[in-house]
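Descriptive analysis of the structure
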Amino acid sequence: MSVTFKEKPVTLLGSQVKVGDQAPDFKVLANDMSEVTLADTKGSVRLIAAVPSVDTGVCDAEVRRFNEEASKLENVKVLTISVDLPFAQKRWCGAAGVENVQTLSDHKDLSFGKAYGVAIEELRLLARSVFVIDSSDKITYVEYVDEVTSHPNYEAAIEAAKAAK
């Protein structure tokens, strides 16, 4: 699969995941600098959106859209992961009024980026992608957006999150 950033091909580090796979574990940082792993959300359906940076227009719109949808989803945790510093994510969430999405930072180790095959080698950013993981840690939905500056398929991701158990 090829991914571009502003129409230029980029190299993704790690292995891409697919529907039916056991979700790989990862270690990222919450806004308070505490470590968060996949196991910390076990027992819930997770919709995970990887974005390059919350400080860009498409990412800003994406997180706001998933924040709006998250309030309507039962037993679904919505996580947005970027390589922004936790402090920047906290500031952005406060300014944007985002309360239903947990923003997490992969800045320290690119743990999520490498585990899910979305770390862009040339830019040290995450490629835009969406994953739905069910309560037993099976991946039920995957979208690797082929142009990083484009929006994901919100409707398909939300429907997948609603359908997951």
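Quick notes on the rules
Residues numbered from 1 in each chain as written. Predicted model: local features only at pLDDT ≥ 70, side-chain atom pairs only at ≥ 80, totals over all residues. Heavy atoms only, no water. UniProt positions renumbered as here; feature names shortened; annotations may be inferred. Helix = DSSP H or I, 4+ residues; strand = E, 2+ residues; numbered from the N terminus. Rg over C-alpha atoms; globule rule 2.2 N^0.38 Å. Buried < 20%, exposed > 50% of the residue type's maximum accessible area, 1.4 Å probe, protein only. Contact = heavy atoms within 4.5 Å. Areas by Shrake-Rupley, 256 points an atom, 1.4 Å probe, with all protein chains shown as cover. Phe/Tyr/Trp six-rings, centres within 6.5 Å; stacked < 30°, edge-to-face > 60°. Patch = residues over 30% accessible without salt bridge, like charges linked within 9 Å, V, L, I, M, F, W, Y side chains within 5 Å. Salt bridge = Lys/Arg side-chain N within 4 Å of Asp/Glu carboxyl O. Core = buried A, V, L, I, M, F, W, Y, C linked by side-chain atoms within 4.5 Å. Pairing = 2+ DSSP bridges.

- The name recorded for the protein chain in an unreviewed UniProt entry is Thiol peroxidase, from Fictibacillus barbaricus.
- Under the heading Function (unreviewed entry), UniProt records this for the protein chain: "Thiol-specific peroxidase that catalyzes the reduction of hydrogen peroxide and organic hydroperoxides to water and alcohols, respectively. Plays a role in cell protection against oxidative stress by detoxifying peroxides."

Some thoughts on the overall build of the protein chain
- On a plain count of helices and strands, the protein chain comes out with 4 helices and 12 strands.
- Scaling as 2.2 N^0.38, a compact globule of 165 residues should have a C-alpha radius of gyration of about 15 Å, and the protein chain matches this with 14 Å.
- Along the longest, intermediate and shortest principal axes, the C-alpha atoms of the protein chain span 40 × 35 × 30 Å.
- Across the 165 residues that make up the protein chain, the buried fraction comes to 53%.
- Within the protein chain, contacts between residues at least 6 apart in sequence are counted, and of these 68% link residues at least 24 apart.
- Split by element, the accessible area of the protein chain, about 7,500 Å² in all, is 50% carbon and sulfur.

Quick look at the packing of aromatic side chains
- All chains considered together, the criterion is met by 7 aromatic pairs.
- Ring centres of Phe112 and Tyr116 lie 4.4 Å apart, and the angle between their planes is 15 degrees; this geometry places the pair in the stacked category.

Focus on a nonpolar patch on the surface
- A cluster of nonpolar residues, Met33, Leu85 and Phe87, forms a patch on the protein surface that exposes about 300 Å² of accessible area.
- Examined against the element boundaries, Phe87 turns out to sit in helix α2 (residues 86-96).
- You can call Phe87 exposed: its relative accessible area is 54%.

Concerning the nonpolar core
- Ranked by internal contacts, the top residues of the largest apolar core, which has 30 residues, are Phe26, Ile81, Phe112, Tyr116, Val118 and Leu126.
- Only β1 (3-5), β6 (45-50), β7 (76-82), β9 (119-120), β11 (129-133) and β12 (139-144) provide two or more residues apiece to this core.
- In this structure, Val54, Ala70, Tyr154 and Ala160 belong to the second largest nonpolar core, which totals 22 residues.

Topic: the pairing of β6
- The element β6 is extensively covered by neighbouring structure, given that 6 of its 6 residues are classed as buried.
- Going residue by residue along β6, you find Val45, Leu47 and Ala49 tucked away on one face and Arg46, Ile48 and Ala50 tucked away on the opposite face as well.
- Where β6 meets β7, 6 bridges bridge the pair, whose relative direction is parallel. From the neighbouring strand, Ile48 faces β7, where its bridge partner is Leu79.
- Here β6 pairs with β11 via 5 bridges, running antiparallel. The residue of β11 that forms the bridge with Ala50 is Ser129.

A closer look at the pattern of salt bridges
- For the structure shown, the criterion picks out 8 salt bridges.
- In this structure, Glu35 and Lys27 form a salt bridge, with 4.0 Å as the shortest nitrogen-oxygen distance.
- Look at Lys27 and you get partly exposed, because its relative accessible area is 39%.
- Of the charged contacts, one joins Arg65 and Glu69 as a salt bridge, the two residues approaching to 3.3 Å between their closest N and O atoms. With Arg65 and Glu69 both in helix α1 (residues 57-70), this residue pair falls 4 residues apart, about one helical turn.
- The exposure class of Arg65 is partly exposed, given its relative accessible area of 24%.
- If you follow the salt bridges from partner to partner, you end up with Arg65, Glu69, Lys72 and Glu155 in one network.

Digging into the environment of Phe26
- Structurally, the position occupied by Phe26 is in the loop between β3 (12-13) and β4 (27-29).
- Note on Phe26: relative accessible area 4%, which makes it buried.
- Along the primary structure Phe26 and Asn75 are separated by 49 residues, whereas in three dimensions their C-alpha atoms are 21 Å apart.
- The contact partners of Phe26, leaving out residues within four places of it in the chain, are Val36, Thr37, Leu38, Ile48, Ile81, Ser111, Phe112 and Tyr116.

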